[in-house]
Amino acid sequence: MVLVGKRNLENALQTYPHAAALSEGDVEIIWEPYQLRPNAPPEGIPKPPDTPSNPRVGAHMKAAGQSVGIKFTGKTERSPNTLLSHMLADYVLEKKGWKAQNEVLEIMFKAYFTDGIYPDVDALAYMGRECGLDEKEARDALADDGLRYKVQNMVAENNEK
């Protein structure tokens, strides 16, 4: 639902009476890490089968997504531990700024929620390349223990809020 909230915020900003007068940097959307499953293993948690009696995407979520142009499919077979995704998002923010961070998060959300791509190192390195990082640079960031520690601390702080 975070992606739905982002789209609703973007739509609301467009209806702001003075939207045309907003200057570059007046509104910045910066993502901070928050983990729903911080203790999930790196390989994630298997999801139950997608069946009519137990759909992976409920009617409410599907309708909320459709209202803002998002197609939630439930194709991914595992619920992820999102630490690596948060590490990439933080790295992109530091190296390329908030617009690039939003771009990589849009890529991540579409990959997972629509295309069914699990956010492992290979997939995330490719996504980093899609927003202008060198793939090796993205892989190095995802293996960086200092960045991991920083993001884990940010997650701990944000999960307490």
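Note that the structure is a prediction, hence the values are computed from the model and not measured.

**Regarding the pattern of salt bridges**
Next up, step 1: Evaluated as defined, the whole model comprises ten salt bridges.
Next up, step 2: A salt bridge links Glu106 to Arg7; its shortest N-O distance comes to 2.5 Å. Pair noted here: Glu106 is in helix α4 (residues 98-114) and Arg7 is in helix α1 (residues 2-15), with a separation of 99 residues, a long-range link.
Next up, step 3: Between Arg56 and Glu77 there is a salt bridge; the shortest N-O distance is 3.0 Å. You can see Arg56 sitting in the loop between β1 (45-46) and α2 (59-67) and its partner Glu77 sitting in the loop between α2 and β2 (78-79), a full 21 residues away along the chain.
Next up, step 4: Taking relative accessible area as the criterion, Arg56 reaches 21% and is therefore assigned partly exposed.
Next up, step 5: Connected via shared salt-bridge partners are Asp122, Arg129, Glu135 and Arg139.

**Describing helix α5 (residues 121-130)**
Next up, step 1: When we look at burial in α5, the residues that qualify are Ala123, Leu124, Ala125, Met127 and Gly128.
Next up, step 2: Phi turns positive one or two residues past the end of α5, at Gly132, with a value near 105 degrees.

**Notes on the packing of aromatic side chains**
Next up, step 1: Within this structure, the stated rule accounts for four aromatic pairs.
Next up, step 2: Ring geometry for Tyr112 versus Phe113: centroids 4.9 Å apart, planes at 85 degrees, classification edge-to-face.
Next up, step 3: A residue is classified by how much of its surface remains accessible, and Tyr112, at 12% relative accessible area, is buried.
Next up, step 4: Counting every residue linked through ring pairs, the aromatic cluster contains Trp31, Phe72, Phe109, Tyr112 and Phe113.
Next up, step 5: When the ring centre of Tyr118 is taken as origin, the NZ or CZ atom of Arg78, which lies over that ring, is 3.6 Å away.

**Side note on the nonpolar core**
Next up, step 1: Counting residues in hydrophobic clusters, the biggest one holds 34 residues, and the most contacted among them are Met87, Leu88, Val92, Met108 and Leu124.
Next up, step 2: For this core, the elements supplying multiple residues, two or more each, are α1, α3 (83-96), α4, α5, α6 (135-143) and α7 (145-160).
Next up, step 3: Ranked by residue count, the leading element in this core is α3, at seven residues.
Next up, step 4: Non-local contacts of Met87, meaning those with residues more than four positions away in its chain, are made with Ala141, Leu142, Asp144, Leu147, Arg148 and Val151.

**Considerations on the packing of α3 against α4**
Next up, step 1: One way to put it is that α3 packs onto α4 with a least axis distance of 7 Å and a crossing angle of 155 degrees. Viewed along their axes, α3 and α4 adopt a mutual orientation that is roughly antiparallel. For the pair α3 and α4, the crossing hand works out as right-handed. Between α3 and α4, the residues in contact are Ser85, Leu88, Ala89, Asp90, Val92, Leu93 and Lys96 and Trp98, Ala100, Gln101, Val104, Leu105 and Met108, respectively.

Here is what the cut-offs are and how they apply
- Residues numbered from 1 in each chain as written.
- Predicted model: local features only at pLDDT ≥ 70, side-chain atom pairs only at ≥ 80, totals over all residues.
- Heavy atoms only, no water.
- Salt bridge = Lys/Arg side-chain N within 4 Å of Asp/Glu carboxyl O.
- Helix = DSSP H or I, 4+ residues; strand = E, 2+ residues; numbered from the N terminus.
- Buried < 20%, exposed > 50% of the residue type's maximum accessible area, 1.4 Å probe, protein only.
- Phe/Tyr/Trp six-rings, centres within 6.5 Å; stacked < 30°, edge-to-face > 60°.
- Lys NZ or Arg CZ within 6 Å of the ring centre and 35° of its normal.
- Core = buried A, V, L, I, M, F, W, Y, C linked by side-chain atoms within 4.5 Å.
- Contact = heavy atoms within 4.5 Å.
- Axes fitted to C-alpha atoms, helices over the stretch in contact; angles between N-to-C directions.
- Parallel < 35°, antiparallel > 145°, perpendicular 65-115°, else oblique.
- Left-handed = near helix turned anticlockwise from the far one by under 90°.

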